[in-house]
Amino acid sequence: MPDRAKPRVIAFANQKGGVGKTTTAINLATVLAAAHKVLLIDLDPQGNASTGLGLDRTERGAGAYALLIEGQPLAEVMRPTGVPDLSLIPADTDLAGAEVELVAMEDRERRLRQALHTDKARTAGFDYILLDCPPSLGLLTVNALVAADSVIVPLQTEFFALEGVSQITQTIDRIRRALNPSLALEGIVLTMYDRRNNLSELVAQDVRGFFKDKVFETVIPRNIRITEAPSHGLPVTVYDARSPGALAYVALGEEMLRRQGAR
Ligand code: ADP
Ligand code: MG
């Protein structure tokens, strides 16, 4: 259980798209919200986390752009979701311009960190703040990694899983050296694991050989219910709580809490 006065901030990052960042962020957020107060910030201009939690593009209003660029207070850009104790700061339509606008800004890498830290009165109520990153290593992802206590890297269980992984691990190292010395690797999570395919097991062994105990024991299976859930505006853990995908995310949440407790 994290210190109530300071939420644990966890970023979901990988410069590859379609590896399960958003799915993992919204489902872990939902699982954690069963016992904690959780805030999810959608930092991807595509806004999949916002849509996946039932907030259509037309209903979004002010969100991550207003927080980061315009300096609006957290309380004004945050909204409840259908999941009790899970709040959302959506991707607003202007967020697509943020990468470019940040370049010219003072403290461009620290905007999010400052927003979360100066707004103590509001962030104090949260146990966890989860940050869903876009599929790039630009300034939005850098802002997330600078604001975060730890990062979860989802890897799709496919033949080239380890290809390109050095880009994200080198970025994490660079952020640690220059901007956020205490950034931890919370873990690597294998997604879209296919039990019927021997290749999945080989890839999993390969990734575990490389990252050792940094890889979560829980793997997320490829599951049709996970694919369907976003079109209903629901995390799979709510859409079909008994599906293999939902059960895997519950197990992942438990494993993460167990590991945090052990540290
Ligand atoms: P990212 O955020 O890294 O781009 P997403 O979480 O949006 O990736 O996942 C990409 C696509 O794959 C989405 O359509 C999502 O519904 C689907 N998906 C993610 N994880 C699984 C899974 N375990 N099984 C089946 N489909 C999945
Ligand atoms: Mg995404």
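Everything numeric in this text was worked out from a predicted model, so none of it was measured.

Draft legend 1. How the structure looks around the overall build of the protein. A tally of regular secondary structure across the protein gives 13 helices and seven strands. Its C-alpha radius of gyration of 17 Å places the protein within 12% of the 18 Å reference for a compact globule of 263 residues. The principal-axis extents of the C-alpha atoms in the protein amount to approximately 50 × 40 × 35 Å. Counting across all 263 residues of the protein, residues that qualify as buried make up 46%. By sequence separation, contacts in the protein at least 24 residues apart represent 76% of the contacts at least 6 residues apart.

Draft legend 2. A look at the site of ligand 1. Near ligand 1 you find 18 residues, and of these Lys-21, Thr-22, Thr-23, Ile-226 and Thr-227 are the closest. Taken together, the elements giving at least two residues each to the shell around ligand 1 come down to helix H1 (21-32) and helix H11 (224-228). Counting residues per element, the shell around ligand 1 draws most heavily on H1, which supplies three residues. Of the residues assigned to the shell around ligand 1, the class counts are six nonpolar, 10 polar and two charged.

Draft legend 3. Representation of the sheet that holds strand E6 (residues 150-156) within the structure. With mixed pairing, seven strands are arranged side by side in an open sheet as E3-E4-E2-E5-E1-E6-E7. Each edge of the sheet is formed by a strand with only one pairing partner; in this case those strands are strand E3 (79-80) and strand E7 (184-191). Pairing analysis gives four bridges linking strand E2 (residues 38-42) to strand E4 (residues 86-89), with the strands arranged parallel. Within the sheet, the bridge partner assigned to Leu-40 lies in E4 and is Leu-88. Relative to the sheet, H1 contacts strand E1 (8-12), E2, E4, strand E5 (128-132), E6 and E7, its axis offset from that of E5 by approximately 165°.

Draft legend 4. Molecular detail of unusual backbone geometry. Despite not being glycine, Asp-85 has its phi angle at roughly 65°, a positive value. With respect to the secondary-structure elements, Asp-85 resides in the loop between E3 and E4. One non-glycine residue, Met-192, adopts positive backbone phi at about 55°. Within the secondary structure, Met-192 sits in the loop between E7 and helix H10 (198-211).

Draft legend 5. How the structure looks around H1. The end-to-end C-alpha distance of H1, which contains 12 residues, comes to 16 Å, matching closely the 16 Å that a straight helix rising 1.5 Å per residue would cover. Buried residues dominate H1, accounting for 12 of its 12 residues. All buried positions along H1 are accounted for by Lys-21, Thr-22, Thr-23, Thr-24, Ala-25, Ile-26, Asn-27, Leu-28, Ala-29, Thr-30, Val-31 and Leu-32.

Draft legend 6. Main features of the nonpolar core. Residues Leu-40, Leu-130, Leu-131, Ala-144 and Leu-145 are the most contacted members of the largest nonpolar core, which totals 79 residues. The leading source of residues in this core is helix H8 (residues 139-147), at seven residues. If we ignore the near neighbours within four places in the chain, the residues touching Leu-131 are Val-9, Ile-10, Ala-11, Phe-12, Ile-41, Leu-43, Ala-144, Ala-147 and Ala-148.

Parameters and conventions
- Per chain, the residues get numbers from 1 upward, laid out in the order the sequence is written.
- To label them, take the chains in the order written and letter them from A, then take the ligands in the order written and number them from 1.
- Under the rules for a predicted model, residues below a pLDDT of 70 receive no local features and side-chain atom pairs below 80 are neither given nor counted, while totals for whole chains, interfaces and linings still include all residues.
- The helix and strand labels rest on DSSP assignments: H or I over at least four residues marks a helix, E over at least two residues marks a strand, and numbering proceeds from the N terminus.
- In this description the radius of gyration comes from C-alpha coordinates, and the expected globular size is given by 2.2 Å times residues to the power 0.38.
- Field definition: a residue is buried when 20 or more other C-beta atoms are found within 10 Å of its C-beta, exposed when 12 or fewer are, and partly exposed for counts in between, with C-beta atoms placed from the backbone.
- Here the contact rule is simple: place C-beta atoms from the backbone, and any two residues whose C-beta atoms are within 7 Å are in contact.
- Residue proximity rests on one test: whether the C-beta atom, placed from the backbone, lies within 6 Å of the molecule or strand.
- Ten residues, namely Ala, Val, Leu, Ile, Met, Phe, Trp, Tyr, Cys and Pro, are considered nonpolar, four, namely Asp, Glu, Lys and Arg, are considered charged, and the remaining ones, Gly among them, are considered polar.
- Think of it this way: DSSP has to see at least two bridges between two strands before they count as a pair.
- For helices, the axis comes from a line fit to the C-alpha atoms of the stretch in contact; other axes are also lines fit to C-alpha atoms, and the angle between any two N-to-C directions lies between 0 and 180 degrees.
- For a helix, the expected span equals 1.5 Å multiplied by the number of residues minus one.
- Working definition: the nonpolar core is a set of buried Ala, Val, Leu, Ile, Met, Phe, Trp, Tyr and Cys residues, joined through C-beta atoms within 7 Å.

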